[in-house]
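Here is what each chain is made of, one letter per residue.
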Amino acid sequence: MARWRCEVCDYVYDEAEGLPEEGIAPGTPWSLVPEDWLCPDCGVSKASFVLDDET
């Protein structure tokens, strides 16, 4: 599973962990995270996330 990092604040979305508190189940791939989802730390869109090379 991949990890996606916010280029603004360095928050990391880990596909293996998901975000259950936001209704995103563990194991949810980045492509299935809703397009209107926002970074929980800084509020930017998915477009500001890049694949984290440090996985």
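For the structure itself, consult the block above.
Cut-offs and rules
Note on numbering: residues in each chain are counted from 1, in written sequence order. Totals for whole chains, interfaces and linings use all residues, but because this is a predicted model, local features are given only for residues with pLDDT of at least 70 and pairs of side-chain atoms are given and counted only at 80 or more. Heavy atoms from the whole structure form the basis of all side-chain values; hydrogens and water molecules are not counted. We call a set of buried residues a nonpolar core when its members are Ala, Val, Leu, Ile, Met, Phe, Trp, Tyr or Cys and they connect through side-chain atoms within 4.5 Å of each other. We call a residue buried when its accessible area falls under 20% of the maximum for its residue type, exposed when it is over 50%, and partly exposed in between, using a 1.4 Å probe and counting protein chains only. Whether two residues are in contact is decided by their heavy atoms, any of which lying within 4.5 Å being enough. One bridge is not enough; two strands pair if DSSP finds at least two bridges between them. Helix and strand assignments come from DSSP, with helices taken as H or I runs of at least 4 residues and strands as E runs of at least 2, each series counted from the N terminus. Axes here refer to lines fitted to C-alpha atoms; in helices the fit is confined to the stretch in contact. Angles between the N-to-C directions go from 0 to 180 degrees. Side-chain rings of Phe, Tyr and Trp, where Trp is taken by its six-membered ring, are said to pair if the distance between their centres is within 6.5 Å; with planes under 30 degrees apart they count as stacked, over 60 as edge-to-face, and otherwise as tilted. In our convention, an over-ring charge means Lys NZ or Arg CZ found within 6 Å of a ring centre and within 35 degrees of that ring's normal.

A. The arrangement of the nonpolar core in detail. Judged by nonpolar contacts, the single largest core of 13 residues is most densely connected at Y11, Y13, W30, W37 and F49. Here Y11 is in contact with W4, R5, C6, L19, W37, C39, P40, D41 and F49, once residues within four sequence places are set aside.

B. Just the sheet that holds strand β3 (residues 49–51), in detail. Pairing is antiparallel in the open sheet, where three strands are placed in the order β2-β1-β3. Both edges of this open sheet fall to β2 (12–14) and β3, since each of them pairs with a single strand only. Shown here is a sheet whose adjacent strand axes are inclined to one another by a mean of 25°, direction ignored. Taken together, the three bridges between strand β1 (residues 3–6) and β3 define a ladder with antiparallel strand orientation. Note on β3: the bridge partner recorded for W4 is L51.

C. Representation of the pairing of β1 in the model. Side-chain alternation along β1 places W4 and C6 on a buried face and R3 and R5 on a face that remains uncovered. Where β1 and β2 come together, three bridges link them in antiparallel fashion. Note that in β2 the partner of R5 across the bridge is V12.

D. Representation of the packing of aromatic side chains within the structure. Tallied over the entire structure, the rule returns six aromatic pairs. Residues Y13 and W30 carry aromatic rings whose centres are separated by 5.4 Å and whose planes lie at 45° to one another, so their mutual orientation is tilted. Of this pair, Y13 sits in strand β2 while W30 is found in the loop between β2 and β3, placing the two residues 17 residues apart along the sequence. Exposure remark for Y13: the relative accessible area of 1% places this residue in the buried category. Geometrically, the ring pair formed by W30 and W37 is edge-to-face, given 5.7 Å between the ring centres and 85° between the ring planes. For K46, the ring lying beneath its charged end belongs to W30, and the centroid distance is 4.9 Å.

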